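# Structural description and commentary
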Amino acid sequence: MPSVLVTPTILRNIPGPYSDRLRQGGFDIIYPPNGCDTMRRENLLPLLAKADAMIASVEKLTREVLAGTKLRAVARMGVGYDAIDVPAATDLGIAVTITPGTLEESVAEHTVAMMLGVSRGLVQRDREVRAGRWTRQPMPRMGGKIFGIVGLGRIGRSVAAKVQALGMRTVAFDPYADKAAAAKIGVTLMTLDELLQTADVVSLHTTTTPETTNMINRKTLALMKPGSILVNTGRGALVDEDALCEALDSGHLFGAGLDVFKTEPLPLESPLLKYGNVLLCTHMGGLDTESTAAMANLAAQCVVDLSQGRWPETCVVNKELRDRYRW
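Here the structure is a predicted model, which means the values were calculated and not measured.

About the cut-offs
Residues numbered from 1 in each chain as written. Predicted model: local features only at pLDDT ≥ 70, side-chain atom pairs only at ≥ 80, totals over all residues. Heavy atoms only, no water. Helix = DSSP H or I, 4+ residues; strand = E, 2+ residues; numbered from the N terminus. Rg over C-alpha atoms; globule rule 2.2 N^0.38 Å. Buried < 20%, exposed > 50% of the residue type's maximum accessible area, 1.4 Å probe, protein only. Contact = heavy atoms within 4.5 Å. Areas by Shrake-Rupley, 256 points an atom, 1.4 Å probe, with all protein chains shown as cover. Lys, Arg positive; Asp, Glu negative; His and termini not counted. Charge placed at Lys NZ, Arg CZ, Asp CG, Glu CD. Axes fitted to C-alpha atoms, helices over the stretch in contact; angles between N-to-C directions. Parallel < 35°, antiparallel > 145°, perpendicular 65-115°, else oblique. Nonpolar A, V, L, I, M, F, W, Y, C, P; charged D, E, K, R; others polar. Pairing = 2+ DSSP bridges. Salt bridge = Lys/Arg side-chain N within 4 Å of Asp/Glu carboxyl O. Phe/Tyr/Trp six-rings, centres within 6.5 Å; stacked < 30°, edge-to-face > 60°. Patch = residues over 30% accessible without salt bridge, like charges linked within 9 Å, V, L, I, M, F, W, Y side chains within 5 Å.

The number of helices and strands found in the chain is 12 helices and 12 strands. In terms of C-alpha radius of gyration, the chain reaches 21 Å, essentially the compact-globule figure of 20 Å for 327 residues. Overall, the C-alpha framework of the chain stretches about 65 × 50 × 35 Å when taken along its three principal axes. Going through the 327 residues of the chain one by one, you find that 50% of them count as buried. For the chain, contacts bridging at least 24 residues in sequence account for 60% of all contacts bridging at least 6. Carbon and sulfur atoms provide 53% of the accessible area of the chain, an area that totals close to 15,500 Å². If the 36 positive side-chain charges of the chain are averaged to one point and the 35 negative ones to another, these points end up 3 Å apart.

Below you can see the structure in the form of structure tokens.
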């Protein structure tokens, strides 16, 4: 019987439709032991050695790691796959899949929540009330402001609809987006520099590539409008955290909402922890009840399909593998 390693902590030893789907597809399910941190390579490798497939979180799957396995499929629970060496997986005949269409609403809601949490100072006000203080400081209204979206994919488009409902104008930077299609949903496309100089809120929704790593840096932060807000529910690698701290120290930014970080969990010595105008979260953007179930079910179905000779076209990242793929 083939086996599938399930590493996302929100699924471990928790049965559901996804596990039913895997078992009905003929799979034995391997869960990491309680407390096992699969982000640590020494913990992950012994588990991978037993698996024919993997439903993955954000474990680092390098060429060396993949080459030491018998994996035929890695089903990423989510849409980002920068932790996986996809060219290596392709060379090794391992299909890599993602779960498109399952989490954009969750990330969009989370993005809006983080923006409003920062703009309204909700965390600070909560702490003051609990401490017996009663500060009533006017905060900026978001209606009428300009919301800048970096990456106009499924998530970016969902965010656009939600902030437009708040009365915000929407602009975006995405070199692959169609100008006419963007205009139909009320979004004006700009260069990155134009967006940074125009937007009152800059929200990141792009993947990590050599071109996007540290795209928010000293130079680009300096281009942002004084008093603007940065929201990152994309990837931690997009932001130079030292440069962000400098922009916060100088008062150039009103604040920031960060769901993702260079190192996760965020180290307790991180200077980001000292700012009252920075809202921090535990990489939860894509995780609500509905998206979690949908991602798990789709990832499981991809594994079953691949094992049974079906090709989940809309989910496979390394499509060039199709003609030579063998389970």
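On to the packing of helix 1 (residues 17-24) against helix 12 (residues 289-307), then. A packed helix pair is summarised by two numbers, namely the angle formed by the two axes and the spacing between the axes. Viewed as axis vectors pointing N to C, helix 1 and helix 12 meet at an angle of 10°, and their least axial separation amounts to 8 Å. Of the possible angle classes, the one that applies to helix 1 and helix 12 is roughly parallel. The residues of helix 12 that touch helix 1, namely those facing Pro 17, Tyr 18, Arg 21 and Leu 22, are Ala 296, Asn 297, Ala 300, Gln 301, Val 303 and Val 304. Taken together, the residues of the contact of helix 1 with helix 12 sort by class into seven nonpolar, two polar and one charged.

Attention now goes to the sheet that holds strand 8 (residues 187-189). Read from one edge of the open sheet, seven strands run 8-7-6-9-10-11-12, paired in parallel fashion. A single partner strand is all that each edge strand has here, and the edge strands are strand 8 and strand 12 (278-280). In this sheet, neighbouring strand axes are inclined to one another by 20° on average, regardless of whether the strands run parallel or antiparallel. Bridging between strand 9 (residues 201-204) and strand 10 (residues 228-232) involves four bridges; their strand directions are parallel. In the sheet register, Leu 204 faces strand 10, and the bridge partner there is Asn 232. Strand contacts of helix 5 (residues 104-119): strand 6 (146-150), strand 9, strand 10, strand 11 (253-258) and strand 12, with the helix running at about 145° to strand 11, the strand carrying the most contacts.

Strand order in the open sheet made by the five strands is 2-1-3-4-5, with parallel pairing throughout. Edge positions in the sheet fall to strand 2 (28-30) and strand 5 (95-97), since each has one partner strand and no second. When strand polarity is set aside, the average angle formed by the axes of neighbouring strands in this sheet is 20°. Bridge count between strand 4 (residues 73-76) and strand 5: three bridges; the pairing is parallel. Its bridge partner being in strand 5, Ala 73 is matched across the sheet by Ala 95. Packed onto the sheet, helix 2 (residues 41-48) meets strand 1 (3-6), strand 2 and strand 3 (53-56) and runs at close to 160° relative to strand 1.

What follows is about the pattern of salt bridges. For the coordinates displayed, the defined rule picks out 15 salt bridges. Arg 41 serves as the salt-bridge partner of Glu 64, at 3.1 Å between the closest nitrogen and oxygen. Here the residue Glu 64 occupies a position in helix 3 (residues 63-67), and Arg 41 occupies one in helix 2, the gap between them amounting to 23 residues. Using a relative accessible area of 38% as the deciding quantity, one classes Arg 41 as partly exposed. A salt bridge links Glu 105 to Lys 162, with the shortest nitrogen-to-oxygen separation between them at 2.5 Å. Within this pair, whereas Glu 105 is found in helix 5, its partner Lys 162 is found in helix 7 (residues 154-165), the two being separated by 57 residues in sequence. Through salt bridges with shared partners, one network takes in Arg 218, Asp 240 and Glu 246.

Another point: the packing of aromatic side chains. Enumeration over the complete set of coordinates arrives at two aromatic pairs. Plain terms: the ring middles of Phe 27 and Trp 327 are 5.9 Å apart, the flat faces sit at 90° to each other, and that makes the pair edge-to-face. Here the residue Phe 27 occupies a position in the loop between helix 1 and strand 2, and Trp 327 occupies one in the segment after helix 12, the gap between them amounting to 300 residues. On the basis of relative accessibility, which here comes to 2%, the residue Phe 27 falls in the buried class.

Looking now at a nonpolar patch on the surface. Side chains of Leu 268, Leu 273 and Leu 280 sit close together on the surface and give an oily, nonpolar patch of about 310 Å² of accessible area. Residue placement: Leu 273 occurs in the loop between strand 11 and strand 12. A relative accessible area of 43% places Leu 273 in the partly exposed class.

Moving on: unusual backbone geometry. Residues Glu 264 and Pro 265 are joined by a peptide bond in cis, for which omega reads -5°. You can see Pro 265 is positioned in the loop between strand 11 and strand 12. Of note in this structure, Asn 214 is not a glycine but carries a positive phi near 55°. Within the chain, His 283 stands out as a residue other than glycine whose phi angle is a positive 50°. Here His 283 lies in the loop between strand 12 and helix 12.

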